[in-house]
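# A structural walkthrough
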Amino acid sequence: MRIFSGIQPTGRKHLGNYIGAIRQYVESQERGDPAIFSIVDLHATTVAYDPAQLRTNLYDTTATLLAAGLEPDRCVLFRQSDVPEHTELTWLISAVCAHGDLNRMTQFKDKSGQQKDLVSAGLFIYPLLMAADVLAYRTDEVPVGDDQRQHIELTREIARRFNERFGETLVVPDHRIPAIGARIMDLQEPNRKMSTSVGADSGRIYLLETEKETRKKLASAVTDSGREVRRGEGKEGVANLIGIYAVATGKTEDEVEAEFEGAGYGDFKKAVGESVVEYLAPVRERYPEIRADEAGMERILAAGAARARELAAVTLAAVRAAMGVGVPRG
Ligand code: AMP
Ligand code: TRP
């Protein structure tokens, strides 16, 4: 089965990225034939950004993925802009994507509201580039967090429309959203997802922060005025911590509630802190050495891009032929 996912080279990756997405990437290397992962630098140009910072962020994200357990021999890891088939396919599939569908995207509404100077056309067609990322590989399955659900739904709709209009060419992909941890919430504002761009640092756990910072943030996570460690109405903060602890320890949420029956929030939050510190330790330990070797990462990305281009080229040839553009196939 073909597995594909993309991740933005923006800022520092947080616990939501790890639990919602990255840990699934690592697991899917076993099942993917192949599993393909792209660091989507072109998506990062759709909002205000600094070119030099983008390069730094790209290495940070690449090193994070490698430290988390992606292995270049077991997956295809590449930089999106190294594979021009993605941008070409973006244009081609725009023929079967309704303007009105793009207009309904909630991520566009959120992000366009945050822009100070310019809402770029790129931000509007961001979901088309994402659909092209996925469709270029005739992907069966896309591991993502819950916030990408609407984008994957649009990708499916585009594939269906394309096949209806031009004949069976593209694969309609499924999303793979984890049962626990698909939406990790901000620790200070548990009604909002943990995000790189919104809210204070105290609300998010960075994968590469110190153990002390992680413990401190979890110890001061917002809970509620009650005293029971369980999920429920008005208990979003506690429910979020239950989910995090469950993932970090490999337990179910029911088991976590049973384990902390009668315990106070203070003890519970301390246990969550310890579990997360331990959970992230391997990534934190492996990262510095990998990050120091930029030439090594470039070699991995170049090999990945060569492999990705071979796969994407096959789809692109079929798409061009179906649409009647380019030199006729012999
Ligand atoms: P991004 O860094 O925006 O490219 O996101 C990378 C992946 O992390 C995507 O699959 C997102 O769905 C996932 N993700 C982002 N934030 C969260 C969150 N708070 N909880 C769970 N998954 C998330
Ligand atoms: N839009 C995704 C995010 O913000 C990143 C992404 C780009 C992606 N292309 C993709 C995810 C293709 C899955 C498949 O998280």
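Residues numbered from 1 in each chain as written. Chains lettered and ligands numbered in written order. Predicted model: local features only at pLDDT ≥ 70, side-chain atom pairs only at ≥ 80, totals over all residues. Heavy atoms only, no water.

### Observations concerning the pattern of salt bridges
The full count for this structure, using the stated rule, is 32 salt bridges. Here D101 ties to R161 by a salt bridge, and the two come within 3.2 Å at their closest N and O atoms. Taken together, the positions of D101 in helix α4 (residues 99-103) and R161 in helix α7 (residues 149-166) put the pair 60 residues apart, joining distant regions of the chain. We classify D101 as buried; its relative accessible area is 13%. Each of D101, R104, E153, R156, E157, R160, R161 and D174 takes part in salt bridges that share partners, so that together they form one network. (Salt bridge = Lys/Arg side-chain N within 4 Å of Asp/Glu carboxyl O. Helix = DSSP H or I, 4+ residues; strand = E, 2+ residues; numbered from the N terminus. Buried < 20%, exposed > 50% of the residue type's maximum accessible area, 1.4 Å probe, protein only.)

### A short note on helix α12 (residues 294-323)
Between its terminal C-alpha atoms α12 stretches 40 Å, which fits the 44 Å expected from 30 residues at 1.5 Å a residue. Following α12 by one or two positions, G324 has its phi on the positive side, about 75°. (Expected span 1.5 Å × (residues − 1).)

### Considering the domain arrangement of the protein
What the domain assignment lists for the protein is domain 1 (3-176 + 293-323) and domain 2 (201-288). Each of domain 1 and domain 2 has a C-alpha centre, and the two are 30 Å apart. Each partner contributes residues to the interface: domain 1 has 14 residues there, and domain 2 has 16 residues. For the pair domain 1 and domain 2, the summed buried area comes to about 1300 Å², and 70% of that belongs to carbon and sulfur atoms. Viewed at the interface, domain 2 and domain 1 are joined by zero salt bridges. (Domains from an automatic or database assignment. Contact = heavy atoms within 4.5 Å. Buried area = accessible area lost by both parts, 1.4 Å probe.)

### Considerations on helix α6 (residues 121-135)
With 15 residues, α6 should reach 21 Å at 1.5 Å per residue; the first-to-last C-alpha distance of 21 Å fits that figure. In the structure, α6 departs most strongly from a straight axis at P127, where the bend amounts to approximately 40°. In terms of residue burial, α6 counts as a mostly covered element, since 12 of its 15 residues are buried. Where α6 is concerned, the buried positions are L123, F124, Y126, P127, L128, L129, M130, A131, A132, D133, V134 and L135. (Bend = angle between axes of the 7 residues up to and from the residue.)

### What to know about the site of ligand 2
Residues in contact with ligand 2 amount to 13 residues; listed here are only the nearest, G6, Y126, M130, D133 and Q148. D133 is positioned with one of its side-chain polar atoms (N or O) 2.7 Å from a nitrogen atom of ligand 2. In the complex, the protein chains occlude 90% of the 370 Å² of accessible area that ligand 2 would expose alone. Within the residue set of the shell around ligand 2, elements represented by two or more residues are β1 (3-7) and α6. No other element matches the four residues that α6 contributes to the shell around ligand 2. Looking at side-chain class alone, the shell around ligand 2 contains seven nonpolar, five polar and one charged residues. (Near = heavy atom within 4 Å. Polar contact = N/O pair within 3.5 Å; in protein donor to acceptor, adjacent residues only side chain to side chain. Areas by Shrake-Rupley, 256 points an atom, 1.4 Å probe, with all protein chains shown as cover. Nonpolar A, V, L, I, M, F, W, Y, C, P; charged D, E, K, R; others polar.)

### Some words on the environment of T155
By the secondary structure assignment, T155 is in helix α7. Ignoring any residue separated from it by four or fewer positions in sequence, one finds T155 in contact with A131, V134, L135 and P173.

### A closer look at the pairing of strand β3 (residues 76-79)
In β3, alternate side chains face the same way, and those of V76 and F78 on one face and L77 and R79 on the other are all buried. Where strand β2 (residues 35-39) meets β3, four bridges bridge the pair, whose relative direction is parallel. Each bridged residue has a counterpart across the sheet, and for I36 the counterpart in β3 is V76. In this view, the connection linking β2 to its parallel neighbour β3 by way of helix α2 (residues 51-68) has right-handed handedness. (Pairing = 2+ DSSP bridges. Right-handed = clockwise from strand over helix to strand, strands pointing away.)

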